[in-house]
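Geometric and topological summary
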Amino acid sequence: MNVWIAIAVTAVGCYAVKLIGLLVPAGALERPVVKRLSALLPVALLAALTAQQTFADGRVLLLDARAAGLAAAAVALVLRAPFLVVVAVAVVVTAGVRALTG
C-alpha cells in the first residue's frame, strides 16, 4: 500500500509543479537572471546525473571503464567533434577498457 501512496503523492506533486509553472507571471520569466538560470540548470542537472551514474555504485565511489569512456568523450568534446562522434568514441573506449580488464 505504501507504493501506491508514493505514486499518488508523486502524481499530485507533478501536477502542482506544472500548475505553479503556468501561474507564474510572464514578466517574471523575462528577467535576465531567470533566463540565464533556465539555460544553465538543465546542463547542471545532466552533468550531475552523468557523474552519479559514472562514478557511483550505491554509496561507493568507483573508477572503471565508464570513467575512461567519459574521459574520452570529454577529449572529443574539447576537440570539437560532432555529437555522434563523441558518443561513438565513448562507446568504443568503454568497450575497449572492459575487454582489456575483463
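In what follows, the structure referred to is the one given above.
Summarised in this report is the structure supplied together with it. Because the structure is predicted, anything quoted here is derived from the model rather than measured.

Next up on the list: the overall build of the protein chain. A tally of regular secondary structure across the protein chain gives five helices and two strands. The order of α-helices and β-strands along the protein chain, N terminus first, is α-α-α-β-β-α-α. For the protein chain, the C-alpha radius of gyration of 20 Å lies well beyond 13 Å, the compact-globule estimate for 102 residues. Principal-axis analysis of the C-alpha atoms places the extent of the protein chain at approximately 55 × 45 × 20 Å. Per-residue burial for the protein chain yields a buried fraction of 10% across its 102 residues.

For the structure shown, the criterion picks out two salt bridges. For K35, the salt bridge goes to E30, with nearest N and O atoms at 3.3 Å. E30 gets classed as exposed once you look at its relative accessible area, which sits at 51%. Here D64 and R66 are joined by a salt bridge, their closest N and O atoms 3.3 Å apart. Take R66: its relative accessible area is 28%, and that puts it in the partly exposed class.

This part covers the packing of helix α3 (residues 32-55) against helix α4 (residues 65-78). Between α3 and α4, the least distance of the axes is 8 Å, while the angle of their chain directions is 145°. On the side of α3, the interface is formed by T50, Q53, T54 and F55, while α4 contributes R66, A67 and L70. The residue inventory of the contact of α3 with α4, partitioned by class, reads three nonpolar, three polar and one charged.

The next point concerns helix α1 (residues 2-23). The terminal C-alpha atoms of α1 lie 31 Å apart, and with 22 residues this matches the ideal 32 Å at 1.5 Å per residue to within 8%. Counting buried positions along α1 gives zero out of 22 residues, so the element sits mostly on the surface.

This part is about a nonpolar patch on the surface. Among the surface-exposed residues, I20, V24, L29 and V34 lie close enough to one another that they form a single nonpolar patch of about 300 Å² accessible area. Assignment of secondary structure puts V24 in the loop between α1 and α2 (26-29). For V24, a relative accessible area of 32% puts it in the partly exposed group.

Which parts of space are left empty comes out when a probe the size of a water molecule is rolled across the atoms. In this structure, the largest pocket spans a volume of roughly 260 Å³. Residue lining of the largest pocket: 14 residues in total, with G69, L70, A73, V86 and A90 positioned closest to the centre. Mapped onto the lining of the largest pocket, the elements with two or more residues apiece are α3, α4 and α5 (83-101). Its residues placed into classes, the lining of the largest pocket shows nine nonpolar, four polar and one charged.

Looking now at the environment of V85. By secondary structure assignment, the location of V85 is in helix α5. Exposure remark for V85: the relative accessible area of 39% places this residue in the partly exposed category. Put simply, V85 and A73 are 12 residues apart on the chain and 8.7 Å apart in space, counted from C-alpha to C-alpha.

Here is what the cut-offs are and how they apply
- Residues numbered from 1 in each chain as written.
- Predicted model: local features only at pLDDT ≥ 70, side-chain atom pairs only at ≥ 80, totals over all residues.
- Heavy atoms only, no water.
- Helix = DSSP H or I, 4+ residues; strand = E, 2+ residues; numbered from the N terminus.
- Rg over C-alpha atoms; globule rule 2.2 N^0.38 Å.
- Buried < 20%, exposed > 50% of the residue type's maximum accessible area, 1.4 Å probe, protein only.
- Salt bridge = Lys/Arg side-chain N within 4 Å of Asp/Glu carboxyl O.
- Axes fitted to C-alpha atoms, helices over the stretch in contact; angles between N-to-C directions.
- Contact = heavy atoms within 4.5 Å.
- Nonpolar A, V, L, I, M, F, W, Y, C, P; charged D, E, K, R; others polar.
- Expected span 1.5 Å × (residues − 1).
- Patch = residues over 30% accessible without salt bridge, like charges linked within 9 Å, V, L, I, M, F, W, Y side chains within 5 Å.
- Areas by Shrake-Rupley, 256 points an atom, 1.4 Å probe, with all protein chains shown as cover.
- 1 Å grid on protein atoms, 1.4 Å probe; cavity = no way out; pocket = protein on both sides within 12 Å on 5 of 7 lines; lining within 4 Å.
- Points joined across faces, edges and corners; volume = space filled by probe spheres on them.

Function-wise, these values are silent; they only describe arrangement.
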